[in-house]
2 protein chains.
Amino acid sequence: MDWGTNLWDQNDVIDKHTQAGLDLLERYIKFVKERTEIEQNYAKQLRNMTKKYSKRGSKEELECKFSNHASFQEILNELGDYAGQRELIAENMTANISDKLTKYLQDLKQERKTHLSDMKKAQQNLESSFKHLESIKKRFAKEWAEADKATQQADKLENDNNNSKIDVDKAKNHALARMRTAEECRNSYAAELQKYNKEQNSFYYTEIPLIFNKLQDMDERRIRQLAEGYCQFSHIEKNVLPIISKCLEGIAAAGTKIDEKKDSKLLIEQYKSGFERPADVEFEDYSQGVKPSNSESALNPLKGRKHKIFKKHKITQAEKHMVLFMFSMI
Amino acid sequence: MDWGTNLWDQNDVIDKHTQAGLDLLERYIKFVKERTEIEQNYAKQLRNMTKKYSKRGSKEELECKFSNHASFQEILNELGDYAGQRELIAENMTANISDKLTKYLQDLKQERKTHLSDMKKAQQNLESSFKHLESIKKRFAKEWAEADKATQQADKLENDNNNSKIDVDKAKNHALARMRTAEECRNSYAAELQKYNKEQNSFYYTEIPLIFNKLQDMDERRIRQLAEGYCQFSHIEKNVLPIISKCLEGIAAAGTKIDEKKDSKLLIEQYKSGFERPADVEFEDYSQGVKPSNSESALNPLKGRKHKIFKKHKITQAEKHMVLFMFSMI
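Rules used throughout
Residues numbered from 1 in each chain as written. Chains lettered and ligands numbered in written order. Predicted model: local features only at pLDDT ≥ 70, side-chain atom pairs only at ≥ 80, totals over all residues. Heavy atoms only, no water. Core = buried A, V, L, I, M, F, W, Y, C linked by side-chain atoms within 4.5 Å. Buried < 20%, exposed > 50% of the residue type's maximum accessible area, 1.4 Å probe, protein only. Helix = DSSP H or I, 4+ residues; strand = E, 2+ residues; numbered from the N terminus. Least-squares fit on C-alpha atoms with pLDDT ≥ 70 in both. Contact = heavy atoms within 4.5 Å. Phe/Tyr/Trp six-rings, centres within 6.5 Å; stacked < 30°, edge-to-face > 60°. Salt bridge = Lys/Arg side-chain N within 4 Å of Asp/Glu carboxyl O. Axes fitted to C-alpha atoms, helices over the stretch in contact; angles between N-to-C directions. Parallel < 35°, antiparallel > 145°, perpendicular 65-115°, else oblique. Left-handed = near helix turned anticlockwise from the far one by under 90°. Expected span 1.5 Å × (residues − 1). Bend = angle between axes of the 7 residues up to and from the residue. Buried area = accessible area lost by both parts, 1.4 Å probe. Polar contact = N/O pair within 3.5 Å; in protein donor to acceptor, adjacent residues only side chain to side chain. Nonpolar A, V, L, I, M, F, W, Y, C, P; charged D, E, K, R; others polar.

Engineer: What exactly am I supposed to notice about the nonpolar core here?
Structural biologist: If you look at the biggest cluster of nonpolar residues, it comprises 144 residues, and the most contacted ones within it are Tyr28, Phe31 and Phe233 of chain A together with Tyr28, Phe31 and Phe233 of chain B. At the level of secondary structure, the elements contributing two or more residues to this core comprise helix H2 (11-53), helix H4 (67-159), helix H5 (165-256) and helix H6 (260-271) of chain A together with helix H2 (11-53), helix H4 (67-159), helix H5 (165-256) and helix H6 (260-271) of chain B.

Engineer: Looking at this model, I keep getting lost on the relation of the copies chain A and chain B. Mind explaining?
Structural biologist: Note: a rotation about an axis with an accompanying shift along it relates these two copies of the chain. Between the two copies, chain A and chain B, the superposition gives an RMSD of 0.3 Å; the rotation angle is 180° and the shift along the axis is 0.1 Å. Taken together, the turn and the small shift mark the pair as related by a two-fold rotation axis. Within chain A, the C-alpha atom positioned nearest to the axis of rotation is that of Tyr42 of chain A, 3.1 Å from it. Interface overlap between copies is the fraction of interface residues in one copy that are interface residues in the other; for chain A against chain B it reaches 100%, indicating a shared surface.

Engineer: What is the right way to look at the packing of aromatic side chains in this model?
Structural biologist: Each pair of aromatic rings is reported with the distance of its centres and the angle of its planes. Per the stated rule, a full pass over the model turns up 30 aromatic pairs over all chains. With a centroid separation of 5.4 Å and 75° between ring planes, the pair formed by Phe31 of chain A and Tyr53 of chain B is classed as edge-to-face. Taken together, the residues span two chains, with Phe31 of chain A in helix H2 and Tyr53 of chain B in helix H2. According to the relative accessible area criterion, Tyr53 of chain B is buried, its value standing at 4%. An angle of 25° between the planes, with centres 4.8 Å apart, marks the rings of Tyr189 of chain A and Phe283 of chain B as stacked. With Tyr189 of chain A in helix H5 and Phe283 of chain B in the loop between H6 and helix H7 (303-309), this residue pair bridges two chains.

Engineer: Any chance you could explain the pattern of salt bridges here in plain terms?
Structural biologist: Side-chain pairs of opposite charge can arise where the charged atoms are in close proximity. This model, assessed by the stated rule, comprises 56 salt bridges over all chains. Of the charged contacts in the structure, one is a salt bridge between Glu143 of chain B and Lys142 of chain B, with a shortest N-O distance of 3.7 Å. Residue class for Glu143 of chain B comes out buried when judged on its relative accessible area of 10%. Because the salt bridges share partners, they merge into one network encompassing Arg35, Glu39, Arg86 and Glu237 of chain A.

Engineer: Would you mind showing me how to read the packing of H4 of chain A against H5 of chain B here?
Structural biologist: Helix-helix packing: each pair is described by the crossing angle between the helix axes and the interaxial distance. Running from N to C, H4 of chain A and H5 of chain B cross one another at 15°; their axes reach a closest spacing of 10 Å. By the criterion of interaxial angle, the relationship of H4 of chain A to H5 of chain B is roughly parallel. Here H4 of chain A and H5 of chain B pass one another in a crossing that is left-handed. Two secondary-structure elements touch here, H4 of chain A through Asn68, Ser71, Phe72, Ile75, Leu79 and Tyr82 of chain A and H5 of chain B through Arg222, Ile223, Leu226, Tyr230, Phe233 and Glu237 of chain B.

Engineer: Can you walk me through H4 of chain B in this structure?
Structural biologist: Given 3.6 residues to a turn, an α-helix orients residues that are three or four positions apart in the same direction. Across its 93 residues, H4 of chain B extends 136 Å between first and last C-alpha, which sits within 8% of the 138 Å expected from 1.5 Å per residue. The sharpest bend along H4 of chain B comes to roughly 35°, located at Thr94 of chain B.

Engineer: It is not clear to me how the interface of chain A and chain B should be interpreted in this structure. Could you clarify?
Structural biologist: One frequently used descriptor of interface size is the decrease in accessible area upon assembly of the parts. On the chain B side, the residues contacting the 123 residues of chain A number 123 residues. Summing both partners gives a buried area of about 11,600 Å² for chain A against chain B, and 65% of it is carried by carbon and sulfur. Linking chain A to chain B there are 12 salt bridges. Along the contact surface separating chain A from chain B lie 51 residue pairs in polar contact (both at pLDDT 80 or more). Listing elements by their share of the side of chain A that touches chain B, those giving two or more residues are helix H1 (3-6), H2, H4, H5, H6 and helix H8 (317-327) of chain A. Ranked by residue count, the leading element in the side of chain A that touches chain B is H5 of chain A, at 34 residues. When grouped by side-chain class, the residues that make up the side of chain A that touches chain B number 62 nonpolar, 27 polar and 34 charged.

Engineer: Looking at this structure, I do not really get the packing of H4 of chain A against H2 of chain B. What am I missing?
Structural biologist: In the contact formed by H4 of chain A and H2 of chain B, the axes pass within 11 Å of each other and the chain directions differ by 15°. By the criterion of interaxial angle, the relationship of H4 of chain A to H2 of chain B is roughly parallel. In this structure, H4 of chain A crosses over H2 of chain B, and the sense of that crossing is left-handed. Here Asn68, His69, Phe72, Leu76, Leu79, Tyr82 and Arg86 of chain A of H4 of chain A lie close against H2 of chain B, whose contacting residues are Ala20, Leu24, Arg27, Tyr28, Phe31, Arg35 and Tyr42 of chain B. Tallied by class, the residues present in the contact of H4 of chain A with H2 of chain B amount to 9 nonpolar, 2 polar and 3 charged.

Okay, here's the thing in structure tokens:
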């Protein structure tokens, strides 16, 4: 089923159809470029977000020892990789679809233009040949009519006895000359007609089919390229899905490995002072004379601080523990 | 390993640590909300694009009979479903993470506030009890000193023979009375000390541990909820991946089933005129008298059109085919 033989008289249809085909190709390229921008924008937003929430500075370094803080940081890292995959989609769509098809579209536009102008040329040639044939045919008709008239006149003179033999011969010769010219026109008309029919034949049976089939082949190549572009649109994203799944698994893993008991224990390890809880306050029996109640204060690790706080009066055991405790309140 | 016994003197550490925990929870909620917005925006852009490129109108209906046009429409439909899945991610992140954790954060903030204020109250009670004990101790010390002085004075008078027995007895009685008061002060100090030590003991061994362990339990609940939120962040997207894969498969299928030969054939079926290609132009022999060259023009399907174009002169067979052909050029 080829256009050349089946649509030989549908030049306008083929013109419009091949144009619509290129329009679709162009529209698909635009579409992929738009998707690419959306994808880049999406990746950029994800990336900025992960940067924004990532921890920096020593205070956060410390917090990151706790599993529930550390896991959030891991999630941010995974999401950063995720964004990288979306960027990859955008890059591959540009390289493997938009750029390729844009180049291809230019070639097709040029090729189509060439075929259509060849068509126009062939048509114009046939039309001018036809006009030429017509003029030659008319000349033959006119010449024959005049030759016919001359012959009739010569016969008329011959049949009238009042005319001299000389006049009759003159008319007969004139008619004969006329007839000879008419015959020549008849022959060149016949020759021109044969030439034209050969031309018309090659136009309808060779030139048109050849050009229309080239256009059909061009259109089918366009469709194959477009189909390939459609498939790429899916494959490019399908190719990154496994890595995207890995990122999601990494996020889930970061959530699963959190251990709240470990985090509580870590706080103890980091901040346990090791001090004993305060003993009972001793009875200071002034009836036996006051003992130096800060006897063992030299051993007290908080002694230094203590003096800063209680300058004015002598420190008792109980006060020392008060200090110890109140420090923990600051 | 509990905070109550191990961090009994690290109130400020526990205060800061639990605050940092709630800050992390709050930061994670913000983070998820931001991701949700990015996801919604991404889905919206994809949706608008598919709408923008979707075909409407009868001309496009016609083109959509061609597989390469139809497949593009299918890709747009699949991408619409794809966008729907991204919207679903956004919705589920809001419902299953942001909203849940926001409510939970409010409760935890309230709970923490309560525990810390209980702590402050207990501390203030102990401090005031201690001050009270101190005042009673000082009174005992003062009273005892005076009783001691009175006793020494009475002894001095007795050893001096110049004094009357009356004066000596008077002094002795005074000293005895002083001593009795001092003894009373000594007893109430002893009682107060015992009371205070009981209080101090329950503060360090019961109240603080209880409150600190409540804060630890609260912090561990927060961590479990946060960990669940982390996992949800992954699961919500993982759950839509199979449907997203289906969309991508649908797109690939649309690209694969395109048949350029079928499309070429369809154009023929739609536009084939069925006319024969022009026969040779006939020889019109005026020497035999002109034949009516449009003898069979009554059968010519283009007769109607024909007359519109060539009004002025008689139509020949060749001209008729010229018309037939030139129509296909319009």
